[in-house]
Amino acid sequence: MDTKAFKRSLHSSEHYYRKGFGHATEVTKMLDLEYQSNLIQQIRENAFTWQQGDVTIQLAEAMGFCWGVERAIALAYEARRQFPNERLWITNELIHNPLVNENIRDIQIEFIPVNDKGQKDFSVVAKEDVVILPAFGASFGEMQLLNQKGCKIMDTTCPWVSKVWNSVEKHKKGDYTSIIHGKYKHEETIATSSFAGKYLVVLNLQESEYVCNYILNGGDRQEFLTKFTHAYSEGFDPDIDLVRVGVANQTTMLKGETEQIGKLFERTLMRKYGIDELNDHFLSFNTICDATQERQDAIFQLVEEKLDLMVVVGGFNSSNTTHLQEIPIERGIPSYHIDTAERIGPGNRIQHKKLHQNLEVLENWLQPGPIVVGITSGASTPDKVVADVIQKIFDIKVVM
C-alpha cells in the first residue's frame, strides 16, 4: 500500500477533519477555566520567581502545554460540540495527562476498548460514529480501518509528528532504512514506523553505538535481532538493511541525544563508504519538535540556578516529561516526578516516580527552613495542575 497516496486520499475525504468547526471562542473560554492558572501567570510576569514564606519558586521559562497539545484538546472539544448526538471515540489517550483524559471522558468521548491480548477492539465503532486521532497520531493500519468503516475522523495529530512521518516517507522512497530514535512501544513511534518502509528503532546513544559498530565491523546477526526484538520491520536483516539509512525521531526524545545519534550515523556511514558516497548511504532531516527543544533548553537554564530540589509535573507515561526529569538528576539535584498535586501529602509526604523505576513514597521530603524549588512541567501538563502542586508545597511549609 502506498501510504502517502492513502493519506492524500483520506485528507480529501468528506468524512475527514483536521480543523475546527467555528466553535473556537466558546471552547477557548472553557479550556481557560479548566486548565489555566492566575498564579502561574503571576509567576511568569514576576521574572519566573515567586516567594512565599520560606519557599522560593523558580519556574522554568518554557513549560506546560505546547501549541500541538492545545490544538488537540481544542479540536476534541470542538468535535463534541459539532456532533452533540453522535457517539465519539478516541483511539488512545488524547495526550499523556490524567486530568485532560478524565475531562475527555466527562464530555462523553469514549476510548476504544482493549481486549485481553492488548489489542484495540474497533468493532465497537459504527459508520455514524466520530473517531478522534490523538496528538501523537494513529497508525496507518488504524487509519485504513477507520476509513473503510466510513466513520467521521477528527485528526488532531500534531504537525511536528506529521513532519516526522513525511521524513520516513522520503526514506522509504529512496530505499533507505529509517533509524527511529524513540521507544518502540510508544504510540507515536508505533504510528511513525507504520508509515516507514524498513525501520529500526533505537532507544538511546548506547543502542545506536551498537548498531554503528555492526555497520563497520559486522557481528552476530542473531544476537542483533534478539537485542532489537519488536523494534524492527518485518523481514529486517542487519547485514542488508543498514547499507542505506535515514534518521528520524520520536518528537519527545531528548534533543541533544537525537542530534548525537544523527551525527554518529553520519560519521559511521562516512567511514564505511567515504565522503564522496555519503549521500548514497545517509539521509537526515531536522524533525526535532520546537516545543520539546524549548522546554529542554529552559530546564537546562533553570538547573544552573541554586536549587534545593526540582519538581517535574507530568503524566508518568509522558516521554517528554521523563526526559525533563533526567536533566536535574544528571546535575545531582534531588528531583521528584509527579503527575498530580494529589501525590503530595498527607503531611510532609510525596509519592513520586523515580527515573525509570516504580512509584516511591518519601516522608519529610521538604526540609525545614528556607528552600528554593525549581518547577517545570511536560508539554501535556495544564498550568492549573502545576499551580495546585505549588500550593501544596506552600501549605506544607506553613505548618513546619
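Definitions and cut-offs
- Residues numbered from 1 in each chain as written.
- Predicted model: local features only at pLDDT ≥ 70, side-chain atom pairs only at ≥ 80, totals over all residues.
- Heavy atoms only, no water.
- 1 Å grid on protein atoms, 1.4 Å probe; cavity = no way out; pocket = protein on both sides within 12 Å on 5 of 7 lines; lining within 4 Å.
- Points joined across faces, edges and corners; volume = space filled by probe spheres on them.
- Helix = DSSP H or I, 4+ residues; strand = E, 2+ residues; numbered from the N terminus.
- Patch = residues over 30% accessible without salt bridge, like charges linked within 9 Å, V, L, I, M, F, W, Y side chains within 5 Å.
- Areas by Shrake-Rupley, 256 points an atom, 1.4 Å probe, with all protein chains shown as cover.
- Salt bridge = Lys/Arg side-chain N within 4 Å of Asp/Glu carboxyl O.
- Lys, Arg positive; Asp, Glu negative; His and termini not counted.
- Charge placed at Lys NZ, Arg CZ, Asp CG, Glu CD.
- Pairing = 2+ DSSP bridges.
- Axes fitted to C-alpha atoms, helices over the stretch in contact; angles between N-to-C directions.
- Contact = heavy atoms within 4.5 Å.
- Buried < 20%, exposed > 50% of the residue type's maximum accessible area, 1.4 Å probe, protein only.
- Right-handed = clockwise from strand over helix to strand, strands pointing away.
- Phe/Tyr/Trp six-rings, centres within 6.5 Å; stacked < 30°, edge-to-face > 60°.
- Lys NZ or Arg CZ within 6 Å of the ring centre and 35° of its normal.

Visitor: If you had to explain the layout of surface pockets to someone new, which residues and values would you point to?
Guide: Counted as a void, the largest pocket has a volume near 390 Å³. Here the second largest pocket defines a volume of roughly 280 Å³. Lining the second largest pocket are 15 residues, and of these H11, Y16, R18, T157 and S162 lie nearest its centre. If you list the elements that add at least two residues to the lining of the second largest pocket, you get α1 (3-11), α4 (67-82) and α7 (159-173). Ranked by residues supplied to the lining of the second largest pocket, first place goes to α7 with 4 residues.

Visitor: Describe a positive patch on the surface, with residues and values.
Guide: Taken together, the side chains of K4, R8, K170 and K173 make up a positively charged region of the molecular surface. Secondary-structure elements contributing two or more residues to the positive patch are α1 and α7. With respect to the helices and strands, the residue K173 is situated in helix α7.

Visitor: I'd like a description of the sheet that holds strand β8 (residues 177-181), backed by residues and values.
Guide: If you walk across this open sheet you meet the 4 strands as β9-β8-β10-β11, and the pairing is parallel. With one partner strand each, in any of the chains shown, β9 (199-202) and β11 (282-284) form the two edges of the open sheet. Pairs of neighbouring strands in the sheet enclose a mean axial angle of 25°, with direction left out of account. Of the pairings in the sheet, the one linking β8 to β9 comprises 4 bridges and is parallel in character. Paired with I179 across the bridge in β9 is L200. Strands β8, β10 (245-249) and β11 of the sheet are contacted by α7, whose axis makes an angle of about 170° with β10. Strands β8, β9 and β10 of the sheet are contacted by helix α8 (residues 187-195), whose axis makes an angle of about 170° with β8.

Visitor: Tell me about the sheet that holds strand β6 (residues 130-133), and name the residues and values.
Guide: One open sheet holds the 5 strands; their spatial order is β1-β7-β6-β4-β5, and the pairing between them is parallel. The outermost strands of the open sheet, each flanked by one partner alone, are β1 (16-17) and β5 (109-111). Relative to β6, strand β4 (residues 88-90) is paired through 3 bridges, and the arrangement is parallel. Looking at the pairing, W89 lines up with V131 of β6.

Visitor: Outline the pairing of strand β16 (residues 371-377), supporting the account with residue identities and numerical values.
Guide: Among the 7 residues that make up β16, 6 are buried, leaving the element largely enclosed by the rest of the structure. One ladder, built from 5 bridges, connects strand β3 (residues 55-59) with β16; its direction is parallel. The partner of V55 across the bridge, within β16, is I371. Relative to β16, strand β12 (residues 309-313) is paired through 5 bridges, and the arrangement is parallel. Counted as the bridge partner of V311 is I375 from β16.

Visitor: Give me the pairing of β10: which residues, what numbers.
Guide: When you tally the buried positions in β10, you get 5 out of 5 residues, the bulk of the element. Neither face of β10 is left uncovered, since the one carrying V245, V247 and N249 and the one carrying G246 and A248 both have all their residues buried. Relative to β11, β10 is paired through 3 bridges, and the arrangement is parallel. By the bridge assignment for β11, V247 is matched with S284. The β-α-β motif built from β10, the intervening helix α11 (residues 255-273) and the parallel element β11 has right-handed crossover chirality.

Visitor: So what's going on with the packing of aromatic side chains? Residues and values would help.
Guide: Taken as a whole, this structure holds 14 aromatic pairs when the rule is applied. Where Y336 meets W365, the ring centres are 5.2 Å apart and the plane angle is 70°; that geometry is what we call edge-to-face. In this pair, Y336 sits in strand β13 (residues 335-338) while W365 sits in the loop between β15 (359-363) and β16, placing the two residues 29 residues apart along the sequence. Across this residue pair, the class does not change: Y336 and W365 are buried. Through a chain of ring-to-ring contacts, the aromatic side chains of Y210, Y214, F224, F228, Y232 and F236 assemble into a single cluster. For the cation-ring pair, K7 lies above F195, with the distance from its terminal atom to the ring centre recorded as 4.8 Å. One cation-aromatic arrangement involves R244 over Y176; the distance from NZ or CZ to the ring centre is 4.2 Å.

By themselves, these figures tell us nothing about what the structure is for.
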